[in-house]
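A look at the structure
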Amino acid sequence: MIAFVIKRLLQTAALLLVVSVLVFLGCEILPGDVAQVSLGQYATPDNVQALRIELGLDRPAYERYFDWLFGILQGDWGRSITTKTPVARMLSERLSNTALLAAVTTVVAVPLALILGLLMAVGAGRAWDRVASVVTLGLSATPEFLIATLGVLLFAVQLRWLPAVAYLSPGSDLAQTARALFLPAATLSIVVMAQIARMTRAIIGNLLTQPFIEMATLKGVPPRRVVGVHALINAVGPLANVVALNIAYLVSGVLVVETIFAYPGLARLMVDSVQARDLPVVQACAIIFCATYVLLIFLADVLAHIYDPRSNLEAADRKG
Amino acid sequence: MSTVAASRPEINVTLWISTTLLILCGFVAFFGPWILPQDPTDFVTDQPFAKAQAGVWLGSDYLGRDILSRLMNGARITLAMAFAATFLAHLIGDSLGLLAAIKGGWVDAFISRVADVILSLPKIIVGLVVVAALGPSVPVIVILAAVVYAAGVFRIARALGNDIVAMDFIKVAKSRGEGTGWVLFGEILPHVVRPLAADFAIRMSFAMLFMSSLSFLGLGVQPPLADWGGLVRENLGGLSAGSLAAVYPALAIAVTSIALNLLVDALGEQKVDQKGTR
Amino acid sequence: MTHPVLSIRNLVVEPRYGGSPIVNGVSLSVDRGEVLALIGASGSGKTTLALTALGHLRPGLSIKQGSVSLDGTELLKAEPRTLRSLRGRIVAYIAQSAAAAFNPRMRLDHQVSESSRVHRTRSHQEALQVAHRLYRELDLPNPEHIGNRFPHQVSGGQLQRFMIAMGLQESPLLLVCDEPTSALDVTTQVEVLRALKQGIQDNQTAALFVSHDLAVVAQVATKIAVLRSGNLVEFGSTQQILEAPREPYTRELVQARKEFTVQRSGRPVPVTTIAPLLKVENITAGYGSVINGRPAITTLQKVDLSIRKGEVTGVIGESGSGKSTLARVIAGLHPAAQGRILFSGETLAPSVEQRSLADRRRIQLVFQMADTALNQKHTVSRIIGRVLKFFHNMPADARAARITELLQMVQLPPHYATRRPTELSGGEKQRVNLARALAANPEVLICDEITSALDNIVAKSIIELVETLRDQLGLAVIFISHDLATVASLAKDVTVLRNGCIVESGSTEAVLSNPQNPYTKLLVSSVPELRPGWLEDAVAARDELQQSLNSGEQAYDASQPRRLEQAR
């Protein structure tokens, strides 16, 4: 098992390296380099060239790549073209906002979804399970911006309980933060909840059809214990896997949500930077998102493997 | 021992609703240009975000153009792009996946590694970077979506293929000395057509959501062309005034996506894939 | 007067949404200390009937009428709480597959003693003590500590005994055993049967014993009930059913089982002088990287075999013996690491891709599970027709005629050509399997456990078919099976495999009537005989053999299998 974790860890590290190369290359092929964009359309070719040499852009790509990579590892994330400030400083505040949004969503959505999925699985086939199944299916297929726009219409325009745009600054107190967070977090939570609930229902529903569950019933084990002990100890692994994967999904989800609500997070920063062609910022954001995603997938894999009955079965086969 | 049906066969309400909706969408997409109530680029009202009125059944957008017409026009673009991307994704993913299942060995290992790398990246971030680099145009976005989803299709086709390849009748065929062609088309394909078709439908909904999200972020289809995602983006400003102009296209996307998912679910083919996410 | 432990009256169980009844008006009863066996083929409704003794119905079934009374309590109308209190305590269930019935993530002690905890009859400590006592009685090694393991950490036979312990934990009045030994090797089956019989006798439990094997049932049951398609065909004491069956179906069953015997007369067999058609020489095969000619995981070691035209050669082995690998090596699906295969004196290429069309045609492999050996999406005529087209380039009309011929050869009516495998029964599918092999006009037919998934009666007909084909077509047949009785009835020569090595080989008469090797002796004595008292003899012989086998192991070098030439 340790061997597996180490192997996957090494694979993940290699993957992150590949990702960094891809991100770097991706930004390399952007039309117009940093120097050109920085000085604008009316700069003379000489000035642009001078800036290029000053920024070290005349060196070959792989040299610049390693510079960039080591810079990142040491905390130097470059300088933004548009704001001229160090990227690291811009990132830190935005990053914490996005992390806050993700954290709130996770804390709210995950427990509720698990419970909902469990109830659906236990009540499989009954009317309310069928309704809930259709509803969760529908919600997981709905774009976040529909839920978001409806949310804004309802809470901001009609009821005027919440702001349509999320004002959040370092000095905001709890109440302000809560008001700013509510709609974005709710939007994300709804989609994530639908997805996790569906998977939970599938996993637990599948477990409940296993022969050892019938055997427990035939021993006179009460239903609460059958589900709560027999089924759940087998479900923990796959469920942990699903939760980790859904948290990874949040990486994409935040992009739309932050844009609609003008939430001052990392995703919105990235979108703005892409439009402004602010390469260093785009690179930095991309690396953070990709790395987070990769690490979460890695976590999900490890959790799934610890609980994978197949690894137990292999051991059983060898025993004969 | 014959199996006994464990659940009551339902009157499939969801099946009928979803099929109707999808036929409606397809109809609109196909015949769109001939049945538009207004020209989608005409300014039909003086005020932007006007309320619903005769001839302008859903009101007007941020420039005073008829939303319904723009919506119907957008249907074409959205659905065509989604279909094209999914078609390409399946073309690549199915052939490579089934091939990997039949051949095994290093062919399988190599393609699987590539697919793993693609799958381990968050799609929309990849989309942002690629679009930033190559510029937002319809071909770029369609090919981007195709490549990104081809990896998922590959995994599914490979898993399905492996299930079938494990069966004895494949060994029987191989022991005769049958070639890859027969094994793929004669023996395996009949078993995988249905699940792959179901995946096609669902993946089309994913592709549609993905591409309209990109348009929504301003990185997808560019004006004057407008797909549904772009329509949402254009009309966001009207939300605070209480205009539903941004909601209609979002609703259109949702309805189509949900209908596709419900259809597949109702046909009993819904395989909740390992991630459960898009 | 004490009432019977279990009383079933006029029970009718049918599918919820239409279809013929699974249990059709069955009445029977079990008294204290009695063991009632439910005998029937698959689909006879015996499992469904047995489960009603616990008040349990599988999903999709419903009770139309009748009553099931357990120790005076009517089960079919009982409250869920009543049922729960009875299950595991008054009545206990022993499932067929222990591997499926145990929770893979809970320790065995925990699961075995769970009924005590759930019914609050004993303290945790006491419950464990009871469990450990049962382990000792059931002959499990290291009884104080083995329960600490997880299900996948013990062997199949041991796991089945844990199941029995779990059933006996609360000393129930009634033990429902659902094919408890069907999934085990014959040698393991003897141990478990003995343990089960002991457990039942020691605890004075009544038992309902479900099985398809009359011989197994004859060892433990006091009464037998014969079921067919949900109907009770006959009911009587074991002695009466076995010696004087009244109903024709019962007689057929008893007769079929009697014939499935391993006992041989030991008459000398004439020497064969014809040269072998297929010769397997010194084959070593397995999985993983090959070092010094031996694969990392070796499933076959230095195996030799000779197959002659017009004869059936049997290969016997339990699970893990390498017999299926042998079939695949000969067919070219699994290249050997060492050794060669000669066909009519010419060496065959090790892998099927390298063999000529003629070589591929001449050797045909027939698989065990006809479900997976036939492509469900193809019609019978496509399945067989493809072979005709591939090997003989037959045009369409000639194919149709030949398919009819082949179907007749395997005793299937011609209109079956348009059917799909899902519309065929197990025996019919196996016949199509054979027809497909025959379509190639092979000279060698390798039958890999082709009757193992079939009932006795159906299996018998398939074997007769193979014999007919051997005689009519002069085929050389390699018949691989774990079932000695089947091989004994069919094969002229037999080879016994164990852990990839040949243990003994020679003419069937000689090997089975007078086995030389202790393992062969063990195998032969483990095959259930229809006479009561066989079990006790088998256990005694087995203990004796086990000892000599274990002590002899040191004398055996695994790389040099002993092989004895038969005296004539």
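See the structure printed just above.
Predicted, not measured: the structure shown is a model, and the values here were computed from it. (Residues numbered from 1 in each chain as written. Chains lettered and ligands numbered in written order. Predicted model: local features only at pLDDT ≥ 70, side-chain atom pairs only at ≥ 80, totals over all residues. Heavy atoms only, no water.)

**A short note on the pattern of salt bridges**
Residues and elements named next belong to chain C. Applying the stated criterion to the full structure yields 36 salt bridges over all chains. Arg133 serves as the salt-bridge partner of Glu137, at 2.9 Å between the closest nitrogen and oxygen. In this pair, Glu137 and Arg133 are both assigned in helix H6 (residues 124-137), four residues apart and thus about one turn of the helix distant. One salt bridge in this structure joins Asp471 and Arg470, with 3.1 Å as the shortest N-O distance. (Salt bridge = Lys/Arg side-chain N within 4 Å of Asp/Glu carboxyl O. Helix = DSSP H or I, 4+ residues; strand = E, 2+ residues; numbered from the N terminus.)

**Examining the interface of chain C and chain B**
Between chain C and chain B, the residue contacts involve 24 residues of the former and 21 residues of the latter. Taking both sides of the interface into account, the surface hidden between chain C and chain B amounts to around 2,200 Å²; carbon and sulfur atoms contribute 65%. It is C:Tyr17, C:Thr372 and C:Arg386 that lose the most area in chain C upon contact with chain B, and together they represent 25% of the buried surface on that side. The interface formed by chain C and chain B includes one salt bridge. (Contact = heavy atoms within 4.5 Å. Buried area = accessible area lost by both parts, 1.4 Å probe.)

**Details of the pairing of strand E1 (residues 6-15) of chain C**
Residues and elements named next belong to chain C. With seven of its ten residues buried, E1 lies for the most part within the structure. Taken together, the six bridges between E1 and strand E2 (residues 23-30) define a ladder with antiparallel strand orientation. Bridge pairing in E2 links Leu11 to Val26. Taken together, the eight bridges between E1 and strand E4 (residues 61-70) define a ladder with antiparallel strand orientation. (Buried < 20%, exposed > 50% of the residue type's maximum accessible area, 1.4 Å probe, protein only. Pairing = 2+ DSSP bridges.)

**Comments concerning helix H1 (residues 13-35) of chain B**
Residue B:Ala29 marks the point of greatest curvature in H1(B), where the axis turns by about 50°; the proline B:Pro33 follows within four residues. Its buried side turned inward, H1(B) meets helix H2 (67-103) and helix H9 (247-266) of chain B. (Bend = angle between axes of the 7 residues up to and from the residue.)

**Some details on the packing of helix H17 (residues 426-439) of chain C against helix H18 (residues 456-473) of chain C**
A pair of packed helices is captured by two measures, namely the crossing angle of their axes and the spacing between those axes. Residue and element names in this part refer to chain C. Contact geometry for H17 and H18: axes closest at 10 Å, N-to-C directions at 20°. The angle between H17 and H18 falls in the class roughly parallel. Crossing of H17 over H18 shows right-handed handedness. Judged by residue contacts, Gly427, Gln430, Arg431, Leu434 and Leu438 of H17 engage Val458, Ser461, Ile462, Leu465, Val466, Leu469 and Leu473 from H18. Of the residues that constitute the contact of H17 with H18, the class distribution is eight nonpolar, three polar and one charged. (Axes fitted to C-alpha atoms, helices over the stretch in contact; angles between N-to-C directions. Parallel < 35°, antiparallel > 145°, perpendicular 65-115°, else oblique. Left-handed = near helix turned anticlockwise from the far one by under 90°. Nonpolar A, V, L, I, M, F, W, Y, C, P; charged D, E, K, R; others polar.)

**Things to note about the interface of chain A and chain B**
When the parts come together, some accessible area is lost, and that loss is often what is quoted as the size of the interface. At the interface, 52 residues of chain A touch 47 residues of chain B. When the two sides are added together, the surface that chain A and chain B hide from each other amounts to roughly 4,100 Å², 76% of it contributed by carbon and sulfur. It is A:Leu137, A:Phe145 and A:Tyr293 that lose the most area in chain A upon contact with chain B, and together they represent 14% of the buried surface on that side. Linking chain A with chain B are zero salt bridges. For the side of chain A that touches chain B, the elements supplying multiple residues, two or more each, are helix H1 (2-28), helix H6 (127-140), helix H7 (144-158), helix H8 (174-208), helix H10 (223-260), helix H11 (266-276) and helix H12 (279-307) of chain A. Grouping the amino acids of the side of chain A that touches chain B by side-chain chemistry returns 37 nonpolar, eleven polar and four charged.

**Comments concerning the packing of aromatic side chains**
Considering all chains together, one arrives at twelve aromatic pairs over all chains under this definition. Ring centres of C:Phe390 and C:Phe391 lie 5.3 Å apart, and the angle between their planes is 80°; this geometry places the pair in the edge-to-face category. With a relative accessible area of 9%, C:Phe391 lands in the buried category. Pairwise contacts between aromatic rings join A:Tyr65, A:Phe66 and A:Phe70 into one cluster. The ring of B:Trp182 has C:Arg386 lying over it, and the distance from NZ or CZ to the ring centre is 3.6 Å. Sitting above the plane of the C:Tyr416 ring, C:Arg419 keeps its charged end 4.2 Å from the centroid. (Phe/Tyr/Trp six-rings, centres within 6.5 Å; stacked < 30°, edge-to-face > 60°. Lys NZ or Arg CZ within 6 Å of the ring centre and 35° of its normal.)

Any functional reading would require information beyond the geometric quantities listed.
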